[in-house]
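# A structural walkthrough
As a plain string of letters, each chain reads:
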Amino acid sequence: MLGQKEILKITRLAGYPVSESSLRNYIKEELCTGAIDTDKGISTQGRSAFYPFLTAIEAAVAKDMLKKSGRRLENKHVHFARWLGTRFIDGAVRPFDIDDLFKAIDEYRLLMESRRVNAKVDFNSEFALNLAYEWLFKFCKLYFAVNIVKEVVNVPQAVSFKGINDLYLTTTAWGTIQPIYGNTEDCIVVDTSKRSLTLGFVTYYY
């Protein structure tokens, strides 16, 4: 568990510095994980809060997606991207299975309706899925970039899933993150059964 200052420091190391007020807003909008020992997930006056390492990575991803030049995303877009992206890495949704993906979108709409919130996915399905792929891709890359920041290591531009052959996420010529068919050895491998990310001989558990 990490204190708020440590979380903000990690976002700076990731290259996407988040302010204290932005962190509070991201947690409130469910764009990143909140503190586990508080009611609302944020620190309150006179009481320290402790956050998981995931908070820093998710906050950095949110900052990157919201501030990316050439487009304008709203919190609702990142909210959905994180929701589906975390279901990918938790193994609840198969990332390249069309039936699973559309069922997940319907599940999200029902979840929002049950919370008496207008379904936040009011954009086309292809765009929604690309956002989720982008969130997952950036989450994996930043997880490694922050942990190995003291070493001269280039984090690869590809993410694959153990057990899914010849299909991985990578950056297209248009700057979007999409699944590509082919073989690549230089990639981050997600193992949902172990909740781990592996690059070469280095493994981190999320």
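For the structure, check the block above.
A brief look at the structure comes next. (Residues numbered from 1 in each chain as written. Predicted model: local features only at pLDDT ≥ 70, side-chain atom pairs only at ≥ 80, totals over all residues. Heavy atoms only, no water.)

### Focus on the pairing of strand β5 (residues 196-199)
How we decide: For two strands to pair, DSSP has to find at least two bridges joining them. Note on conventions: DSSP H or I runs of at least 4 residues are helices, E runs of at least 2 residues are strands, and numbering of each starts at the N terminus.
Alignment of strand β4 (residues 188-191) against β5, held across 3 bridges, turns out to be antiparallel. By the bridge assignment, Val190 is partnered in β5 with Leu197. Turn length for the β4-β5 hairpin, with the two strands adjacent in sequence and antiparallel, is 4 residues, and the turn residue Arg195 shows positive phi of about 50°. Two elements, β5 and strand β6 (residues 202-205), share 4 bridges in a ladder whose sense is antiparallel. Counted as the bridge partner of Ser196 is Tyr205 from β6. The antiparallel pairing of β5 with β6 creates a hairpin that spans 2 residues between the two strands, and Gly200 there sits at a positive phi of about 65°.

### A look at the sheet that holds strand β2 (residues 167-171)
Let me state the cut-off plainly: Every axis in this analysis is a line fitted to C-alpha atoms, fitted for helices over the stretch in contact. Angles between the N-to-C directions lie between 0 and 180 degrees.
Here we have 6 strands laid out as an open sheet, ordered β3-β2-β1-β4-β5-β6, and mixed in their pairing. One side of each edge strand has no neighbouring strand; the edge strands of this open sheet are β3 (177-181) and β6. Along the sheet, successive strands turn relative to each other by an average axial angle of 25°, direction set aside.

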